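Chains, contacts and geometry: an overview
Now for the letters of each chain:
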Amino acid sequence: MTRLCVLAESAALVSLLLAALLYVLRFHRPELQGRLTWGRWGLAIGSALLAVGLVSHGTRGNGPLGDFANVSFVFALLLALALWWADRRAARPALAATLAPLTFLVALAGLLGSSRTLPELHGSLWLNAHILLALTAYACFAVALAAAISYLVADQLLKRKHLERLPHLPPLETSDRLGRRAVLIGWCLFTVGLLIGALTVYTWGAGFDPKIPPALATWTTYTVYLVLRHLHRWRGRRLQWLLVLGFALVGLTFALGHSPEQLQRRFF
Amino acid sequence: MTELPHIIAAGLNHRSAPVELREQVAFRPTELEDALTDVVGRPHISEAVILSTCNRSELYAMTTRPEPAVAALGSFLADFHGLDPAELEPHVYRQVDAGAIRHLFEVAAGLDSMVLGEGQILAQVKQALAGAAGVGTAGACLNELFQRALRLGKQARTDTEIGRGAMSISSAAVDLARTTFGELAGREVLVVGAGEMSRQTLIHLRDQGVRSVIVANRTYDHAHELATEFGGQAIRFDDFAAHLGSADIVVSSSAAPHAIITADGLRPVLAERRGRPLFIVDIAVPRDVEAAVAELDDVYLFDIDDLNGVCDRYRAERAREAQAVAHLVEAEAVRFGAWLQARAVTPLVTELRERHEALCEQELERGLRRLTDLTPAQRQQVERMMRDYTHKVLHGPVTGLRELAAERGAGRDWTGLVRRLFGLRNGPQPIHGEDEL
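Residues numbered from 1 in each chain as written. Chains lettered and ligands numbered in written order. Predicted model: local features only at pLDDT ≥ 70, side-chain atom pairs only at ≥ 80, totals over all residues. Heavy atoms only, no water.

1. Digging into the overall build of chain A
If you tally the helices and strands in chain A, you get 9 helices and 0 strands. Relative to its 268 residues, chain A shows a buried fraction of 53%. Put simply, of all contacts in chain A between residues at least 6 apart along the chain, 80% involve residues at least 24 apart. In the form shown here, chain A has an accessible surface area of approximately 12,300 Å², with 69% of it arising from carbon and sulfur atoms. (Helix = DSSP H or I, 4+ residues; strand = E, 2+ residues; numbered from the N terminus. Buried < 20%, exposed > 50% of the residue type's maximum accessible area, 1.4 Å probe, protein only. Contact = heavy atoms within 4.5 Å. Areas by Shrake-Rupley, 256 points an atom, 1.4 Å probe, with all protein chains shown as cover.)

2. Re the overall build of chain B
Check the secondary structure of chain B and you find 15 helices and 10 strands. The C-alpha radius of gyration computed for chain B amounts to 32 Å, which surpasses the reference 22 Å derived for 437 residues by more than 25%, pointing to a less compact arrangement than a globule. Counting only C-alpha atoms, chain B reaches 110 × 60 × 35 Å along its principal axes. Counted over contacts in chain B with a minimum sequence separation of 6, partners at least 24 positions apart contribute 71%. (Rg over C-alpha atoms; globule rule 2.2 N^0.38 Å.)

3. So, the pairing of strand β6 (residues 212-217) of chain B
All names here are of chain B. Across the 6 residues of β6, 5 count as buried, placing the element largely inside the fold. In terms of strand pairing, strand β5 (residues 188-192) meets β6 through 5 bridges, oriented parallel. Among the inter-strand pairings, V191 is bridged to a residue of β6, identified as V215. In terms of handedness, the path from β5 via helix α9 (residues 196-207) over to β6 forms a crossover that is right-handed. Alignment of β6 against strand β7 (residues 233-236), held across 4 bridges, turns out to be parallel. From the neighbouring strand, V215 faces β7, where its bridge partner is A234. Read as a crossover between parallel neighbours, the route from β6 over helix α10 (residues 220-229) to β7 is right-handed. (Pairing = 2+ DSSP bridges. Right-handed = clockwise from strand over helix to strand, strands pointing away.)

4. Thoughts on the sheet that holds strand β8 (residues 249-252) of chain B
Residues and elements named next belong to chain B. The 6 strands lie next to each other as β7-β6-β5-β8-β9-β10, forming an open sheet whose pairing is parallel. Two strands in the sheet have a free side with no partner beyond their single neighbour: β7 and β10 (299-303). Neighbouring strand axes in the sheet, compared pairwise and without regard to direction, differ in orientation by 20 degrees on average. The strands touched by α10 are β6 and β7; relative to β7, the strand with the most contacts, the crossing angle is about 165 degrees. (Axes fitted to C-alpha atoms, helices over the stretch in contact; angles between N-to-C directions.)

5. Some points on the pattern of salt bridges
The tally for this structure, following the rule as stated, stands at 32 salt bridges over all chains. Residue D176 of chain A is joined to R229 of chain A by a salt bridge in which the shortest nitrogen-to-oxygen separation is 2.6 Å. Placement of the pair is D176 of chain A in helix α6 (residues 172-204) and R229 of chain A in helix α7 (residues 212-231), with a sequence separation of 53 residues. Residue D176 of chain A is classed as buried on the basis of its relative accessible area of 3%. Connected through salt bridges with shared partners, the residues E173, D176, R229 and R235 of chain A together with R187 of chain B form a single ionic network. (Salt bridge = Lys/Arg side-chain N within 4 Å of Asp/Glu carboxyl O.)

6. So, the domain arrangement of chain B
We note that the domain assignment places domain 1 (6-159), domain 2 (169-311) and domain 3 (345-422) within chain B. Here the C-alpha centre of domain 2 of chain B lies 42 Å away from the C-alpha centre of domain 1 of chain B. (Domains from an automatic or database assignment.)

7. Considerations on the environment of I249 of chain B
Residues and elements named next belong to chain B. Within the element layout of this structure, I249 appears in strand β8. On the basis of relative accessible area, I249 is assigned to the buried category, the value being 1%. For the pair I249 and G163, spaced 86 residues apart in sequence, the C-alpha to C-alpha distance is 25 Å. Once residues lying within four places of it in the same chain are set aside, the contact partners of I249 are A177, F181, L184, R187, E188, V189, L190, L205 and F279.

8. Overview of the nonpolar core
All names here are of chain B. Core analysis: the largest hydrophobic core is formed by 61 residues, its most contacted members being L88, F105 and L145. Element by element, the count of residues in this core is highest for helix α7 (residues 140-159), at 8 residues. What F105 contacts, discounting residues up to four positions off in sequence, is L145, R148, A149, L152, V329, E332, A333 and F336. (Core = buried A, V, L, I, M, F, W, Y, C linked by side-chain atoms within 4.5 Å.)

9. Thoughts on the interface of chain A and chain B
Opposite the 19 residues of chain A that make contact, chain B presents 24 residues. When the two sides are added together, the surface that chain A and chain B hide from each other amounts to roughly 1,800 Å², 52% of it contributed by carbon and sulfur. If you look at where chain A meets chain B, you find 4 salt bridges. E173 of chain A serves as the salt-bridge partner of R187 of chain B, at 3.2 Å between the closest nitrogen and oxygen. At the boundary of chain A with chain B, the tally comes to 15 residue pairs in polar contact (both at pLDDT 80 or more). Of all the secondary-structure elements, those providing two or more residues to the side of chain A that touches chain B are α5 (125-160), α6 and α8 (237-258) of chain A. Top contributing element to the side of chain A that touches chain B by residue count: α5 of chain A, with 4 residues. Its residues assigned to classes, the side of chain A that touches chain B shows 8 nonpolar, 2 polar and 9 charged. (Buried area = accessible area lost by both parts, 1.4 Å probe. Polar contact = N/O pair within 3.5 Å; in protein donor to acceptor, adjacent residues only side chain to side chain. Nonpolar A, V, L, I, M, F, W, Y, C, P; charged D, E, K, R; others polar.)

10. Topic: the sheet that holds strand β4 (residues 93-96) of chain B
Residues and elements named next belong to chain B. With antiparallel pairing, 4 strands are arranged side by side in an open sheet as β2-β3-β1-β4. Taken across any chain shown, the strands that pair with only one partner, and hence form the sheet edges, are β2 (45-52) and β4. Sheet twist, expressed as the mean angle between neighbouring strand axes with direction ignored, is 15 degrees. Set on the sheet, helix α5 (residues 98-109) makes contact with β1 (6-13), β2, β3 (56-63) and β4; between it and β3 the angle comes to about 140 degrees. With respect to the sheet, helix α6 (residues 120-135) is in contact with β2 and β3, its orientation differing from that of β2 by roughly 145 degrees.

11. Structural notes on helix α11 (residues 263-273) of chain B
Residue and element names in this part refer to chain B. Along α11, the residues that are buried comprise A263, L266, V269, L270 and R273. Relative to the axis of α11, the buried residues are bounded by an arc of 120 degrees and lie together on one face. Across from the buried face of α11, at angles greater than 90 degrees, the exposed residues are D264, A271 and E272. Of the surrounding elements, those touching the buried residues of α11 are β9 (278-282) and β10. Phi for R274, located one or two positions after α11, is positive at around 55 degrees. (Arc of directions from axis to C-beta.)

12. Focus: the pairing of β10 of chain B
Residues and elements named next belong to chain B. Of all 5 residues in β10, 5 are buried, a share of seventy percent or more. Here β10 shows no split at all, with V299, L301 and D303 on one side and Y300 and F302 on the other all buried. Sheet topology places β9 next to β10; 5 bridges connect them, and they run parallel. From the neighbouring strand, F279 faces β10, where its bridge partner is Y300.

Here is the structure:
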């Protein structure tokens with residue numbers, strides 16, 4: 001079973017790497033778009049193999065969120081889903097060119113990162129819900145990041161009059177709208193996830209977790225974005241940088257969650 | 001002896017004739033019916049379609065005698081418009097069969113247009129066919145030819161990039177605005193200057209669903225006139241700056257000798273806008289907008305050189321795509337040629353069928369006279385069997401005939417042989433050369 005699991009995960013990584021390369025190539029060489037639909041297949045096969053790996057882990061008693069490798073794989077699967085959704089919404093290669101490499105990197109982190117199990121997690125519905133909500137929110141924030149990057153790239157292309165590449169990026173307004181919607185959904189999920197996590201930690205009486213400050217900073221950043229965007233009607237380039245900052249904090253929070261020392265301090 | 005039909009075309013276009021001559025031979029919609037009736041009334045012409053646009057006046061016709069018919073089309077153009085045939089002659093091109101077919105396909109695909117790949121011609125080809133069908137001068141062959149031309153025209157624009165991108169300054173401006181905003185419906189447009197360029201840009205913007213238009217001009221009456229045409233609002237020239245805060249798109253083409261939109265003037269407006277993108281198109285010479293405006297955050301400024309650059313790029317892209325479209329045209333011309341050749345044996349096929357069906361009926365009658373004990377149901381069964389047998393026996397030869405005709409044309413040698421083999425009368429003789437299409 002372990003061999004099958006390693007095999008599936010390795011094949012998934014190769015598949016996701018190929019998908020990422022093809023999606024990036026599709027953005028840089030749009031004239032090859034017709035021949036590069038294999039990126040979608042790579043993503044689908046990689047996701048399926050990741051799911052096989054997840055099931056193998058689950059049957060060993062860790063549960064789908066039972067160790068940090070699995071958490072990464074779930075996150076990668078959610079990112080693949082977000083990529084599919086964003087690709088359908090904007091139908092431009094730029095979004096996928098950001099999300100596909102991110103999906104690969106997260107899956108790679110799962111394979112190379114800690115494989116320690118989280119025994120307390122097994123059976124704790126609330127903690128499972130906390131992690132799942134946070135991961136789904138992260139996937140939404142990743143879509144917002146991809147939209148923000150598309151916006152910033154399009155902004156620079158328009159400013160520098162490099163107009164030939166523009167048709168491969170979503171219009172500024174589309175990126176802005178996609179980012180806003182993704183943040184709104186992600187923020188709601190993240191808020192609920194944070195509340196559940198806080199209540200669980202309080203109930204268990206656990207000590208200080210170094211993941212909490214960046215998580216709160218992430219929440220604050222996206223809250224500021226929503227306030228500026230919705231209440232003050234702010235738009236434009238500067239607001240997109242806030243989304244980049246927000247996802248940098250997401251990355252930090254996620255990386256801290258993968259630290260083996262942190263795992264030991266928190267659960268053992 | 002029945003003669004077989006040929007497709008012919010004659011006319012003049014923007015390449016062969018100057019505009020002064022083209023406008024003299026253009027057919028007004030009200031003249032079309034008379035013109036079509038006149039053409040089919042001429043010797044040897046059985047069907048006709050007239051394609052008349054601002055860049056071309058062309059006649060497509062079916063005839064059994066191509067040489068005199070082509071000459072008749074040329075003289076018709078001169079007669080109908082009251083021109084001297086000698087004056088018209090050097091500018092008129094004439095095509096027969098494959099040349100005529102290929103020419104129409106190139107026209108429909110936009111390869112023969114002044115602006116390569118432009119899409120308006122497709123509607124005009126459709127209109128030409130509808131006009132001829134309305135008068136009853138478009139028969140089966142021309143109808144099939146034009147339908148195929150229309151399908152090819154659509155395919156050229158969907159399968160290739162021949163029709164992609166803006167080709168004029170005004171459409172390039174709107175194209176760029178779409179890359180910024182996506183959908184333009186619901187956007188507010190401020191137009192400074194009420195000249196022809198502003199008007200052209202507004203036409204393209206209206207096509208994209210823009211409804212909110214504000215026009216400012218030094219002469220208020222001109223602003224009012226343009227605003228009224230597009231259902232917008234006219235304002236005094238001095239008031240235009242007050243609308244910069246709410247506008248999404250600014251089109252500036254005033255005749256001002258100096259910049260009327262400056263970076264310093266725009267900064268306070270941008271603070272009010274809170275990052276909302278402002279798209280400015282400056283199509284005035286000298287420029288209306290200070291170059292430093294392009295450096296401001298969330299402002300996208302394009303001048304006439306930028307827009308010319310966009311048009312040049314699209315022109316080059318279309319020229320590259322023309323090669324792919326030419327291949328489509330060639331392939332479709334070959335397919336239509338085969339269809340036409342196969343059609344040339346239709347009289348022979350009809351004759352073959354009639355002959356066998358007559359034989360079948362004759363044998364049936366004779367046989368049934370002897371079989372007096374049959375019930376009505378049994379008689380019907382025998383009749384059905386005989387007819388089915390005849391159809392099945394003929395299926396192979398008929399398919400073979402059509403295939404042979406598509407490959408080699410309805411040549412006299414082999415059709416004569418078929419006639420002898422099947423015991424047909426010495427009926428219609430083809431006049432097509434085998435290599436004509």
